[in-house]
Protein chains: 2
Amino acid sequence: MSISIPLHIPARTIMTPGPVEVDPRVRHAMSHTILGQFDPAFTDLMNQTMGLLREVLQTKNHWAFPVDGTSRAGIEAMLCSLIEEDDKVLIPCFGRFGYLLKEIAERCGADVSTIECEWGKVFEPDTIMDELKKIKPKLIVMVHGDTSTGRMQPLKEIGQYCRQNDILLVVDAVATVGGTDVKTDDWFIDGLITGTQKCLSVPSGMAPLTYNNRIEKIILERKSIEQGLISDPSQVNKKKRIRSNYFDLSQLQDYWSPARLNHHTEATSMLYGLYEGLRLIVEEGLENRFKRHQLNEKALVAGIKAMGLSLFGDPQYKLPTVTCINIPEEVNGDQVRSQLLEEFGIEIASSFGPLSGKIWRIGTMGYSCQKRNILFTLSALEAILIQEGVRIYRGEALQAALSVYKKDQESESLKKNIT
Amino acid sequence: MSISIPLHIPARTIMTPGPVEVDPRVRHAMSHTILGQFDPAFTDLMNQTMGLLREVLQTKNHWAFPVDGTSRAGIEAMLCSLIEEDDKVLIPCFGRFGYLLKEIAERCGADVSTIECEWGKVFEPDTIMDELKKIKPKLIVMVHGDTSTGRMQPLKEIGQYCRQNDILLVVDAVATVGGTDVKTDDWFIDGLITGTQKCLSVPSGMAPLTYNNRIEKIILERKSIEQGLISDPSQVNKKKRIRSNYFDLSQLQDYWSPARLNHHTEATSMLYGLYEGLRLIVEEGLENRFKRHQLNEKALVAGIKAMGLSLFGDPQYKLPTVTCINIPEEVNGDQVRSQLLEEFGIEIASSFGPLSGKIWRIGTMGYSCQKRNILFTLSALEAILIQEGVRIYRGEALQAALSVYKKDQESESLKKNIT
């Protein structure tokens, strides 16, 4: 028998685009005792979680619940429940996560068309609408905020066009929900998926999603229940059945309804965590929360620039929850990251594909997105860059960041005095 | 904005076949702060978890890791990674969970054959081997312990036959691992899946699995990496690619290897919980743990019989971790269950399909499987049955159970004196 090592979790400041730090209240929630999945105390909690999700996802949709799996589990659940063999799907890619959508949709059997733009930019709505006219897909799937490039795609015009032309719009809002405005209903989004480990600031492992009647209609046509749960095997809908049992939204919505279909066993402690995380968001208020994210982003960006570093990508479409920094040529980006972790216990991220080794990515998400983390990260980055021999402006970063916070405080107290 | 209700989890004694109670050490582990997924402190923990899993799954397989999802997520990951369109698969069904395997395999595109036996019985190995000879499938998928009927299928002979005849044996051991002996390697099991929320006694949400080289070979032939992560798009293996991205074991094993392929974001807190749960098992020792499960099962069964109730199913193949009780005709089974929950905070289970309303199922799994829970459950069940007007032998159940514990103590102390 092996000797196992007691669990030891070193303290970290996590400034990546996820997973990020979670509020102690969420961690405490997760340490509660177990409830059975059909215990009324637990099904009440499920119902309350659906209500909180609707608020956070800014939707009146009835269906709003988590899939038990990480973010891409939610994406796959949505896509495989919608896509039938050879369905036409358009996927505009402006970073890695567009290609992930493509990959998932293809594996679901879709006939996928993509359009691409340079990493660091987003699409003009017209470009997408022209493509929609040409291809006439059943659905278009888009990333809202792509963390790989730190860009955010405006969606409302696209949503409006899709609604008018009977195309479904499915959005991967994993990196944005809870950190910046995502208006599911106002932007005409039919299906939307997010993840727990980013701006919701709950541990990784759940993918909340929502969808409207247009999507539900398709799902219901494909509904099929396992033979072991029914008395009449002819109810098995072999023809249009969704390709996955685990990701079958027609069964999942029955599990999340008063029918309480026995599907999987809901991840008890994760649901406690999600519930508490959503409560924290509703208590803070969406507007306040977005403002907090903006303020800390502003301070971080001011500090980075004051140091003499430059930002990657089109500033007009910057994702507010991720800041991409061009790695100075004279330094090894990964060496800097590992020094930050070893010396300061701070984690920042690298990127993927064409941007691998070219940029650092600093996340400002959820509980990680707070003044002390920004100041600590700037001071640590400055120290490591100096240590590595990079020529930067010394001592300027913290001054710039502090001045952002001071100005904000002043304008807030001014507002208070006026009202 | 809605007013959200603070999380309140009532105390429960959970005597269902899962989810079950978890050790306070596991709950505490889950309340730790977050680590980044590629933080060396976290990847160390991943590696140690693999080591512990190998011990608990009694295997020398290199691959032993959890899928982030509930038990059926692990089953689907195994099946969809193995099954290609029209592959022949044999599934012997002796309860609901055989039909679940059928359903998952069919959705993966398999040409599924089933054989069935009466619920409450298991198969003679010869029956299965005859069918294997006839059908010559690529794989046979079997439930080890089916909680719906409380039966356990012997596997070794079947495993031996499969190995000799180049058939793959995949086993759903969700209800047995950690509660009764499951010898992955000695029984010639090629792929095995379990779940966290039963005898491992960790919250629901992860599905540990293991597989050997025979399975890995198939998976590697189907390997394909997302376009956003590679520079050469011709590496995308469209032809044999696995139908799911999330459940693609070829990518998952790269994530769990030094390659650390960026696939999903591992469910941080769930992994803490799994690690601590596995440590508890290794500390207790598999043999001791199985003995504890047997003893408590024996006491429960003695108590149930002493009350005058009868057990469902073939006693020779009883699943040691689930006890099925015939519901007396004069009482409504669900009414008894809800009274147990309301008055005593005790949860027991009903069953599915043909057994719905016919039997109660009491789980003796993991941390829930302890003397005080057995005694409390027996006393509560007796009280509710009396209240509901069922004629039973009063006061006998606890005497019978206590006497089982007493005899065990005596024989244990006798053994001590001898050695």
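Predicted model, so just to flag it, every value in this text is computed and none were measured. (Residues numbered from 1 in each chain as written. Chains lettered and ligands numbered in written order. Predicted model: local features only at pLDDT ≥ 70, side-chain atom pairs only at ≥ 80, totals over all residues. Heavy atoms only, no water.)

Q: Can you walk me through the side chain of Thr 176 of chain A in this structure?
A: Secondary-structure assignment places Thr 176 of chain A in the loop between β8 (168-172) and β9 (191-193). When near neighbours in sequence (up to four residues on either side) are disregarded, Thr 176 of chain A contacts His 144, Gly 145, Met 152, Val 182, Cys 199 and Leu 319 of chain A. (Helix = DSSP H or I, 4+ residues; strand = E, 2+ residues; numbered from the N terminus. Contact = heavy atoms within 4.5 Å.)

Q: Whenever I open this one, unusual backbone geometry confuses me. Can you help?
A: With the exception of glycine, the majority of residues adopt a negative phi angle, and the majority of peptide bonds are in the trans configuration. All names here are of chain A. With an omega dihedral of 0°, the bond running from Gly 18 to Pro 19 counts as a cis peptide bond. Here Pro 19 shows up in the loop between β1 (13-14) and α1 (24-30). Phi is positive for Lys 136, which is not a glycine, with a value near 50°. Note on placement: Lys 136 falls in the loop between α5 (125-135) and β5 (139-143).

Q: Where do I start with the domain arrangement of chain A in this structure?
A: The parts lose accessible area when they come together, and the size of an interface is often stated as this lost area. Residue and element names in this part refer to chain A. Splitting chain A by domain gives domain 1 (23-281) and domain 2 (285-418). Each partner contributes residues to the interface: domain 1 has 31 residues there, and domain 2 has 25 residues. Both sides of the domain 1 and domain 2 interface together cover about 2300 Å² of buried area, and 63% of this is carbon and sulfur. The largest per-residue losses of area from domain 1 upon contact with domain 2 belong to Trp 119, Arg 151 and Ile 281, which jointly make up 23% of the total buried on that side. Applying the counting criterion to the domain 1 and domain 2 interface returns zero salt bridges. Counting across the domain 1 and domain 2 interface gives twelve residue pairs in polar contact (both at pLDDT 80 or more). (Domains from an automatic or database assignment. Buried area = accessible area lost by both parts, 1.4 Å probe. Salt bridge = Lys/Arg side-chain N within 4 Å of Asp/Glu carboxyl O. Polar contact = N/O pair within 3.5 Å; in protein donor to acceptor, adjacent residues only side chain to side chain.)

Q: Where do I start with the relation of the copies chain B and chain A in this structure?
A: Take chain B, turn it by 180°, move it 0.0 Å along the axis, and it overlays chain A with an RMSD of 0.0 Å. Such a turn and shift between the copies fits a two-fold axis. For chain B, the minimum C-alpha distance to the rotation axis belongs to Gly 69 of chain B and amounts to 2.4 Å. The overlap is high: 100% of the interface residues of chain B also sit at the interface in chain A, so the same surface is used on both sides. (Least-squares fit on C-alpha atoms with pLDDT ≥ 70 in both.)

Q: Explain the confidence of the model for chain A here, please?
A: Should pLDDT be low for a region, the predicted coordinates there are not to be read in detail. For chain A, per-residue confidence averages 96 on the pLDDT scale, and residues scoring 70 or more make up 98% of the total. This prediction of the complex comes with two scores: 0.97 for pTM and 0.97 for ipTM. (pLDDT = per-residue confidence, 0-100.)

Q: I would appreciate a short explanation of helix α3 (residues 71-82) of chain A in the present structure.
A: Given 3.6 residues per turn, any residue in an α-helix points the same way as the ones three and four places further on. Counted at 1.5 Å a residue, the expected span for α3 of chain A with its twelve residues is 16 Å, and the 17 Å between its end C-alpha atoms agrees. Across the twelve residues of α3 of chain A, twelve count as buried, placing the element largely inside the fold. (Expected span 1.5 Å × (residues − 1). Buried < 20%, exposed > 50% of the residue type's maximum accessible area, 1.4 Å probe, protein only.)

Q: For this particular structure, what's the right way to read the interface of chain B and chain A?
A: In this assembly, 87 residues from chain B lie in contact with 87 residues from chain A. Taking both partners together, chain B and chain A bury about 7400 Å²; carbon and sulfur atoms supply 55% of that area. Three residues stand out in chain B for area buried against chain A, namely Leu 7, Ile 34 and Arg 107 of chain B, and they jointly supply 11% of the buried area on that side. Our enumeration of links across chain B and chain A arrives at eight salt bridges. Residue Arg 12 of chain A is joined to Asp 39 of chain B by a salt bridge in which the shortest nitrogen-to-oxygen separation is 2.4 Å. Connecting chain B to chain A are 38 residue pairs in polar contact (both at pLDDT 80 or more). When contributions to the side of chain B that touches chain A are tallied by element, the ones reaching two or more residues are α1 (24-30), α2 (40-56), α3 (71-82), α4 (96-107) and α9 (268-284) of chain B.

Q: Would you take a moment to explain the packing of helix α11 (residues 333-344) of chain A against helix α12 (residues 371-387) of chain A for this structure?
A: Between two packed helices, both the angle of their axes relative to each other and the distance between the axes serve to describe the pair. All names here are of chain A. It is the contact of α11 with α12, at a shortest axis distance of 10 Å, that shows an interaxial angle of 120°. Between α11 and α12, the angle is such that the two are oblique. Read as a crossing pair, α11 and α12 show a hand that is right-handed. Facing Val 336, Gln 339, Leu 340, Glu 343 and Phe 344 of α11, the residues of α12 in contact are Phe 376, Ala 380, Leu 381, Ala 383, Ile 384, Leu 385 and Gln 387. Along the lines of polarity and charge, the residues of the contact of α11 with α12 split into nine nonpolar, two polar and one charged. (Axes fitted to C-alpha atoms, helices over the stretch in contact; angles between N-to-C directions. Parallel < 35°, antiparallel > 145°, perpendicular 65-115°, else oblique. Left-handed = near helix turned anticlockwise from the far one by under 90°. Nonpolar A, V, L, I, M, F, W, Y, C, P; charged D, E, K, R; others polar.)

Q: In this structure, what is going on with the pairing of strand β4 (residues 111-116) of chain B? I would like to understand it.
A: Taken residue by residue, a regular strand's side chains alternate between the two faces of the sheet. Residues and elements named next belong to chain B. Of the strand pairs in this sheet, strand β3 (residues 88-93) and β4 are connected by six bridges, and their pairing is parallel. By the bridge assignment, Leu 90 is partnered in β4 with Ser 113. In this fold, β3 hands off to α4, which returns the chain to β4; that crossover is right-handed. (Pairing = 2+ DSSP bridges. Right-handed = clockwise from strand over helix to strand, strands pointing away.)

Q: Looking at this structure, how should I read the nonpolar core?
A: One recurring pattern in soluble globular proteins: nonpolar side chains tend to sit buried together. In this structure, Leu 79 and Ile 140 of chain A together with Leu 79 and Ile 140 of chain B are the most contacted members of the largest nonpolar core, which totals 224 residues. Dropping the residues within four chain positions of it, Ile 140 of chain B is found in contact with Leu 90, Pro 92, Ile 128, Leu 132, Ile 158, Cys 162, Ile 167, Leu 168, Leu 169 and Val 170 of chain B. (Core = buried A, V, L, I, M, F, W, Y, C linked by side-chain atoms within 4.5 Å.)

Q: Explain the pairing of β3 of chain B here, please?
A: All names here are of chain B. Along β3, five of the six residues are buried, which leaves the element largely enclosed by surrounding structure. Bridging between β3 and strand β5 (residues 139-143) involves two bridges; their strand directions are parallel. Bridged to Leu 90 within β5 is Ile 140.

Q: Is there a simple way to think about the sheet that holds strand β3 (residues 88-93) of chain A in this case?
A: Strand pairing in a sheet relies on backbone hydrogen bonds, with the paired strands running either antiparallel or parallel. Residue and element names in this part refer to chain A. Taken in spatial order, the seven strands of this open sheet run β2-β10-β9-β8-β5-β3-β4, and their pairing is mixed. In this open sheet, the two strands that pair with only one neighbour each are β2 (63-68) and β4 (111-116). When the angles between neighbouring strand axes are averaged without regard to direction, this sheet yields 20°. Of the strands in this sheet, β2 and β10 (206-211) touch helix α9 (residues 268-284), which is tilted by about 65° from β10.

Q: Honestly, the UniProt feature "modified residue: N6-(pyridoxal phosphate)lysine" (unreviewed entry) in chain A in this entry has me stumped. Any pointers?
A: Residues and elements named next belong to chain A. In the numbering used here, UniProt assigns the feature "modified residue: N6-(pyridoxal phosphate)lysine" (unreviewed entry) to Lys 198. In this fold, Lys 198 is placed in the loop between β9 and β10. What Lys 198 contacts, discounting residues up to four positions off in sequence, is Pro 17, Gly 18, Val 20, Thr 147, Val 174, Ala 175 and Met 365. Reaching out from Lys 198, the side chain makes a polar contact with the backbone oxygen of Pro 17 at a distance of 2.5 Å. (UniProt positions renumbered as here; feature names shortened; annotations may be inferred.)

Q: What am I meant to see in helix α10 (residues 286-306) of chain B here?
A: Residue and element names in this part refer to chain B. Between its first and last C-alpha, α10 extends 30 Å over 21 residues, near the 30 Å set by a 1.5 Å rise per residue. Residues of α10 that are buried in the fold lie against α9, β11 (322-326), β13 (359-363), α12 (371-387) and α13 (396-418). Immediately beyond the C-terminal end of α10, within one or two residues, lies Gly 308, with a positive phi of roughly 100°.

Q: Sorry, what's going on with the state of the cysteines here?
A: A covalent bond bridging the sulfur atoms of two cysteines is what the word disulfide describes. All names here are of chain B. Under the definition given, this model contains zero disulfides over all chains. This cysteine, Cys 199, is not joined by any disulfide, and Cys 369 carries the nearest cysteine sulfur, 8.0 Å off. Looking at the unpaired Cys 324, the closest cysteine sulfur is the one in Cys 117, lying at 14 Å. (Disulfide = S-S within 2.5 Å.)

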